[in-house]
Each structure stands twice: as C-alpha cells, then as structure tokens.
Amino acid sequence: MKAKWNKFLSMPYIPFRIVMALLENDNFCKLLYYNTPDALSKPNLTMAQKRALIWDGEDDMENYNIFLTNVQPNEEVQNRTLMKVYRYNSEPKNQLGATVCYRFDILFGSKIPLVKYNGITCNRGDVMEMEIMKSLNGEDVAGVGYLQYNDELTSLCGSQVGIGNNYTFTGLSIIFGTYILDTENGEC
C-alpha cells in the first residue's frame, strides 16, 4: 500500500473561505465600507454589497477593499480601508499534516484612523482586529479548519501595528495559523 502524503488540495480556496466567514460580521464589513468615524452606526451592508468588496483580479483595484493576495493595490491616495488576506507561511509537521499561516493586512487612510465604538473614540485598526478575532479565532472555518491565534500552534501567530507608510496610510498585520491534513483521496 502506498503511503499517504499531504497534497494541500484545500490550499487555493482557503483565503476566499476566510473572507466569506468575515463577511458574516456586519461590524467588520461596515468598518471596511464606510470611511467615517460613525461607520458602526451606518446601515448593515447587503450580501451583494459585501461580495462586491472582493477584488476578482479583473477590474481596477481602487474599486475594491478586499484582496486575496499580498500585492499592494495601486498607490493609495484615497482615505479608505482595505484588507489583504494571503498565505504567509507553510511548515510541514509530518508527511500528513502542516501548519499553514495566513496573514491579514489591514490598511486605512491617515484621515480616518478613528471610529466610535460603544460611544468611545477608538483606533479603527484596534476595532477591526477585535472584530476579526471575534469572527475567526478558534473558529472552524469551512474547509479551512480551526483558525488560531495561538503561539502553541506556531510562533508566527501575532499582530503588528504600523504597516503602511504611516503618512497617508497606516494599519496592522495579523497572522493566524491552522493545521492542514489533505491527502489525495480526501482521507487523513
């Protein structure tokens, strides 16, 4: 009998599945869509509006807020919020399993760094990170497994503030990990 090996069959789909899980969080979507301090008091987006935030690789990048790649959108001159979700690192544990890390880069214009959250003025990045944690940390994302912000899974998990140029754009980066077991015939 031939030995089983991890084939990573789910890997191409994971960033999209992560984004679809995040689109269920209305507050997160409002923080991406509305570029005002009162973003969280604005109306919820429809699912069509939420899906329209995702760049499909065909149109101009400036019309979108979510990117499934680490490619930097065109030079940012607008005050808007965007998120990039992409595979950051893969580390095999054995022939069947690997820890795979996904990075979330959240960028926002320097004129929109603050939002009202429960009546308190807060950093937009801090609120967005909290909403991401609420939606994903320890959750079983369909086809992805349990996303974890967990140093015991991988020491790459963490968050860093201050990405961007800190003049016209700033933001943060978050790294989550998951464990993938993906054999050719779908068995583990």
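Only a predicted model underlies this, so the values are computations on that prediction, with no experimental measurement involved. (Residues numbered from 1 in each chain as written. Predicted model: local features only at pLDDT ≥ 70, side-chain atom pairs only at ≥ 80, totals over all residues. Heavy atoms only, no water.)

Novice: I would appreciate a short explanation of the overall build of the protein in the present structure.
Specialist: Across its full length, the protein carries four helices and nine strands. Tracing the protein from N to C terminus, the helices and strands come up as α-α-α-β-β-β-β-β-α-β-β-β-β. Radius of gyration (C-alpha) of the protein: 17 Å, near the 16 Å computed for a compact globule of 188 residues. When its C-alpha atoms are laid out on the principal axes, the protein stretches across 60 × 35 × 30 Å. (Helix = DSSP H or I, 4+ residues; strand = E, 2+ residues; numbered from the N terminus. Rg over C-alpha atoms; globule rule 2.2 N^0.38 Å.)

Novice: Please clarify how the packing of aromatic side chains should be interpreted in this entry.
Specialist: Two measures describe an aromatic ring pair: the distance that separates the ring centres and the angle between the ring planes. Following the criterion strictly, the structure yields four aromatic pairs and no others. Summarising the aromatic geometry, the rings of Trp 55 and Phe 67 are spaced 5.8 Å apart at their centres and angled 50° between planes, so their arrangement reads as tilted. One end of the pair, Trp 55, is in the loop between helix H3 (47-51) and strand S1 (66-67); the other, Phe 67, is in strand S1, with 12 residues separating them in the sequence. Classification of Trp 55 by relative accessible area gives buried; the value is 19%. Ring centres 5.3 Å apart and planes at 70° place the aromatic pair Phe 104 and Phe 176 in the edge-to-face group. Of the two residues, Phe 104 is situated in strand S3 (residues 97-109) and Phe 176 in strand S9 (residues 169-181); the sequence distance between them amounts to 72 residues. In terms of burial, Phe 104 and Phe 176 fall into one category: buried. Counting every residue linked through ring pairs, the aromatic cluster contains Phe 104, Tyr 149 and Phe 176. (Phe/Tyr/Trp six-rings, centres within 6.5 Å; stacked < 30°, edge-to-face > 60°. Buried < 20%, exposed > 50% of the residue type's maximum accessible area, 1.4 Å probe, protein only.)

Novice: When you look at the state of the cysteines in this model, what are you seeing that I'm missing?
Specialist: Joining two cysteines, a disulfide is a covalent bond between their sulfur atoms. In the structure shown here, the tally under the stated rule is zero disulfides. In this structure Cys 101 is a free cysteine whose sulfur lies 5.4 Å from that of Cys 157, the closest cysteine sulfur available. Considering cysteine sulfurs only, Cys 29 is the nearest to Cys 122, which forms no disulfide, with 19 Å between them. (Disulfide = S-S within 2.5 Å.)

Novice: Just to check I follow, could you spell out the sheet that holds S9 for this structure?
Specialist: Note: strands within a sheet are paired through backbone hydrogen bonds, in either parallel or antiparallel orientation. Spatially, S1-S2-S3-S9-S8 is the arrangement adopted by the five strands of the open sheet, whose pairing is mixed. The open sheet has two edge strands with one neighbour each: S1 and strand S8 (158-164). Here S1 runs beside strand S2 (residues 81-92); their pairing, made up of two bridges, is parallel. Within S2, the position partnered with Phe 67 by the bridge is Lys 84. Against the sheet, helix H2 (residues 26-33) makes contact with S1 and S2, and its axis sits at roughly 120° relative to S2, the strand it touches most. Sheet strands in contact with helix H4 (residues 124-136) are S2, S3, S8 and S9, and its direction is about 15° off that of S9. (Pairing = 2+ DSSP bridges. Contact = heavy atoms within 4.5 Å. Axes fitted to C-alpha atoms, helices over the stretch in contact; angles between N-to-C directions.)

Novice: Quick question: what am I supposed to make of the pairing of strand S5 (residues 120-123) here?
Specialist: Strand residues, when the strand is regular, have side chains that alternate between the two faces of the sheet. Where strand S4 (residues 114-117) meets S5, four bridges bridge the pair, whose relative direction is antiparallel. Paired with Val 115 across the strands is Cys 122, a residue of S5. Linking S4 to S5, which pair antiparallel, is a turn of two residues; within it Asn 118 sits at a positive phi near 55°.

Novice: I would appreciate a short explanation of the pattern of salt bridges in the present structure.
Specialist: Opposite charge on two side chains makes pairing possible when the charged atoms of those side chains draw close. The tally for this structure, following the rule as stated, stands at six salt bridges. Taking the shortest distance from any N to any O, the salt bridge between Lys 84 and Asp 105 comes out at 3.9 Å. Within this pair, whereas Lys 84 is found in strand S2, its partner Asp 105 is found in strand S3, the two being separated by 21 residues in sequence. A residue is classified by how much of its surface remains accessible, and Lys 84, at 5% relative accessible area, is buried. The closest approach of N and O atoms between Lys 93 and Glu 91, which form a salt bridge, is 3.2 Å. Note on Glu 91: relative accessible area 33%, which makes it partly exposed. It is possible to trace a salt-bridge network through shared partners that takes in Lys 84, Arg 103 and Asp 105. (Salt bridge = Lys/Arg side-chain N within 4 Å of Asp/Glu carboxyl O.)

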